[in-house]
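So the chains spell out like this:
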Amino acid sequence: MSRSINRVTLLGHLGADPESRRTQDGRLVVTFRIATGEAWRDKTTGERKETTDWHTVVIFNEGLAKVAEQYLRRGSHVCVEGQLKTRKWQDQSGQDRYATEVVLQAFRGDLVLLDRSERQAPDETAYGAARTRPDRPDPTAAAAPPFDDEVPF
């Protein structure tokens, strides 16, 4: 039996605000599109060229969906890791249609927000105020005293 893996990692920017909806049984589902691209210089003309690809991301993980719904906006820089899934349906004229999406399932998938935390306000009253992480030492604090040369063992 051969083994295979279906895993995709994308690093890009959102093209629009995420869309939220609920399934028939009440579960939250968030969908958004990520732009990824590459740039290069044409060897013959020296002209700079670039290409952009758009990817649809669907989050079925309730926790990640809430984070996406609350913190992601158009232009947000994110890294997503999930599985490629292709859906098939028939349009109104009876033609088969297909869509391939990056799906973050309930227990499979990651969402990493790459925007600087200082850009995100914790609440309306602190909008625009820079935030610091409590686990980082204050660079203006006095330096710790040097270690004693005597070793206790």
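About the thresholds
- Residues numbered from 1 in each chain as written.
- Predicted model: local features only at pLDDT ≥ 70, side-chain atom pairs only at ≥ 80, totals over all residues.
- Heavy atoms only, no water.
- Helix = DSSP H or I, 4+ residues; strand = E, 2+ residues; numbered from the N terminus.
- Buried < 20%, exposed > 50% of the residue type's maximum accessible area, 1.4 Å probe, protein only.
- Contact = heavy atoms within 4.5 Å.
- Areas by Shrake-Rupley, 256 points an atom, 1.4 Å probe, with all protein chains shown as cover.
- Arc of directions from axis to C-beta.
- Polar contact = N/O pair within 3.5 Å; in protein donor to acceptor, adjacent residues only side chain to side chain.
- Pairing = 2+ DSSP bridges.
- Salt bridge = Lys/Arg side-chain N within 4 Å of Asp/Glu carboxyl O.
- pLDDT = per-residue confidence, 0-100.
- Core = buried A, V, L, I, M, F, W, Y, C linked by side-chain atoms within 4.5 Å.

A. Examining the overall build of the protein more closely. Counting its regular elements, the protein contains one helix and seven strands. When its helices and strands are written in sequence order, the protein yields β-β-β-β-α-β-β-β. Residues classed as buried in the protein amount to 24% of the 153 residues present. Counting only contacts in the protein whose residues sit at least 6 apart along the sequence, the fraction spanning at least 24 positions is 55%. When the accessible surface of the protein is summed, it comes to about 12,300 Å², and 49% of that surface belongs to carbon and sulfur atoms.

B. Spotlight on helix α1 (residues 62–71). Leu64, Ala65 and Ala68 are the residues of α1 that are buried. Along the axis of α1, the buried positions cluster into a sector of 100°, meaning they face one direction only. Against the buried residues of α1 lie β3 (28–41), β4 (48–59), β6 (96–104) and β7 (110–113). A distance of 3.0 Å separates the backbone nitrogen of glycine 63 from a side-chain oxygen at the start of α1, and that oxygen is part of asparagine 61.

C. Looking closely at the pairing of β6. Two strands pair when backbone bridges link them, and β4 and β6 are joined in this way by three bridges, in the parallel orientation. Across the sheet, residue isoleucine 59 finds its bridge partner in β6, namely leucine 104. In terms of strand pairing, strand β5 (residues 77–90) meets β6 through eight bridges, oriented antiparallel. The residue bridging lysine 85 from the neighbouring strand is glutamate 101, located in β6.

D. Spotlight on the pattern of salt bridges. Per the stated rule, a full pass over the model turns up eight salt bridges. In this structure, arginine 22 and glutamate 62 form a salt bridge, with 3.7 Å as the shortest nitrogen-oxygen distance. Pair noted here: arginine 22 is in strand β2 (residues 19–22) and glutamate 62 is in helix α1, with a separation of 40 residues, a long-range link. Given a relative accessible area of 52%, arginine 22 falls into the exposed group. Two residues, aspartate 42 and lysine 49, come together in a salt bridge whose shortest N-O distance is 3.5 Å. Here aspartate 42 falls in the buried class, since its relative accessible area comes to 17%.

E. Structural context of the confidence of the model for the protein. The pLDDT averaged across the protein works out to 82; a share of 75% of its residues lies at or above 70. Between residues 118–145, whose pLDDT stays under 50, and residues either more than four places distant or in other chains, the model counts eleven contacts.

F. Spatial organisation of the nonpolar core. Ranked by size, the top nonpolar core spans 18 residues in total, and within it Phe32, Val57, Ile59, Val80 and Leu111 carry the most contacts. Elements that contribute at least two residues to this core include exactly β1 (8–14), β3, β4, α1, β5 and β6. Those residues in contact with phenylalanine 32, other than ones at most four positions away along the chain, are Leu14, Pro18, His55, Thr56, Val57, Ile59, Ala68, Leu72, Val80 and Leu111.

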